[in-house]
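Working through the structure, step by step
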Amino acid sequence: MNLHTESLRQIELQLKMQITTICTFPVFDAEVMKSEIDAHASTIGRFLEDISTLSNDDILLLKSTSNLIKILHCMANERFNLQKTLFGLSEETDSNIISETTRASITPCKSKFSEEQTKKLEEWYESSLEHPYLNTLSTDYLHRSTGLTKTQIKNWVSNRRRKVKTKKISKELESFLIQE
């Protein structure tokens, strides 16, 4: 294995590890990742300048790592935009990556729903006791009537089902728990 192939394989491995990081970890230092990706892109650019010395396998590997870099840039930007949407980062953030300084400000605050929202959700749940699972129409209705996001509604209904399920006592255990 020549030096070009070894370097390209090392870059490819590091890029795959970064993709795994983006997919696995909820928070990561995107500035460091971006600088590493840019360094890899620069190295690949140097290989492209001297393409005549590369073997066909090296050229295929070069294309593969180049595609990985494009994918990583897209993933990092999508991840940043998702975090920005979910956690309400300001529009004034000057880069497409999340930095160490903004990480502290993206912890979601836990808030209770208003009484009116909870009442609407409870009414729907009580009317759907036979089959307390959301469909598209129910989700849309609750979204419009409560102002909650569809994800919030789905989570509430799921938690409500779980709450009911944990309160039920099986017939076998009932006699042990309820003594007359």
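All residue numbers refer to positions counted from 1 along the written sequence of the respective chain. Only residues with pLDDT of at least 70 get local features here, since the model is predicted, and only at 80 or more are side-chain atom pairs given and counted; chain-wide, interface and lining totals rely on the full set of residues. Only hydrogens and water are set aside; all other atoms, that is, all heavy atoms of the structure, feed into the side-chain values.

- Under an unreviewed UniProt entry, the protein chain has the name MAT homeobox alpha 2 protein and belongs to Suhomyces bribrorum.
- UniProt positions are given in the numbering used here, feature names are shortened, and annotations may be inferred rather than shown by experiment. Recorded in UniProt under Subcellular location (unreviewed entry), the annotation for the protein chain is "Nucleus".

**Regarding the pattern of salt bridges**
- Salt bridge criterion: a side-chain nitrogen from Lys or Arg within 4 Å of a carboxyl oxygen from Asp or Glu. For the structure on display, the rule yields four salt bridges.
- Measuring nitrogen to oxygen at the nearest pair gives 3.9 Å for the salt bridge that ties Glu-12 to Lys-16. Within this pair, Glu-12 and its partner Lys-16 are both found in helix H1 (residues 3-24), separated by four residues, close to a single helical turn.
- Residue class for Glu-12 comes out buried when judged on its relative accessible area of 13%.
- Of the charged contacts, one joins Lys-150 and Asp-140 as a salt bridge, the two residues approaching to 2.8 Å between their closest N and O atoms. Of this pair, Lys-150 sits in helix H7 (residues 150-167) while Asp-140 sits in helix H6 (residues 136-146), placing them ten residues apart in sequence.
- Taken together, the shared-partner salt bridges in this structure form one network comprising Glu-122, Glu-126 and Arg-160. In this description a helix means any DSSP run of H or I spanning at least four residues, a strand means any run of E spanning at least two, and both kinds are numbered starting from the N terminus. Accessibility here uses a 1.4 Å probe with only protein chains present; expressed as a share of the type maximum, an area under 20% marks a residue as buried, one over 50% as exposed, and anything in between as partly exposed.

**Examining the side chain of Asp-58**
- With respect to the element layout, Asp-58 can be found in helix H3 (residues 56-87).
- Asp and Glu count as negative and Lys and Arg as positive, but His and the ends of the chain are not part of the count. We note that Asp-58 is buried and unpaired, the nearest opposite charge coming from Arg-9 at a distance of 6.8 Å.
- Between two residues, a contact is recorded if the distance between any of their heavy atoms is within 4.5 Å. Each residue touching Asp-58, except ones within four places of it in the same chain, is listed here: Asn-2, His-4, Thr-5 and Leu-8.

**Considerations on H1**
- An expected span of 1.5 Å times one less than the residue number is assigned to each helix. Over its 22 residues, H1 extends 31 Å from the first C-alpha to the last, a length consistent with the 32 Å expected when each residue adds 1.5 Å.
- Restricting attention to buried positions, one finds in H1 the residues Thr-5, Leu-8, Ile-11, Glu-12, Leu-15, Gln-18, Ile-19 and Ile-22. Projection of H1 onto a plane perpendicular to its axis shows the buried side chains occupying an angular sector of 150°, all on one side. By arc we mean the arc of the directions from the helix axis to the C-beta atoms, nothing more.

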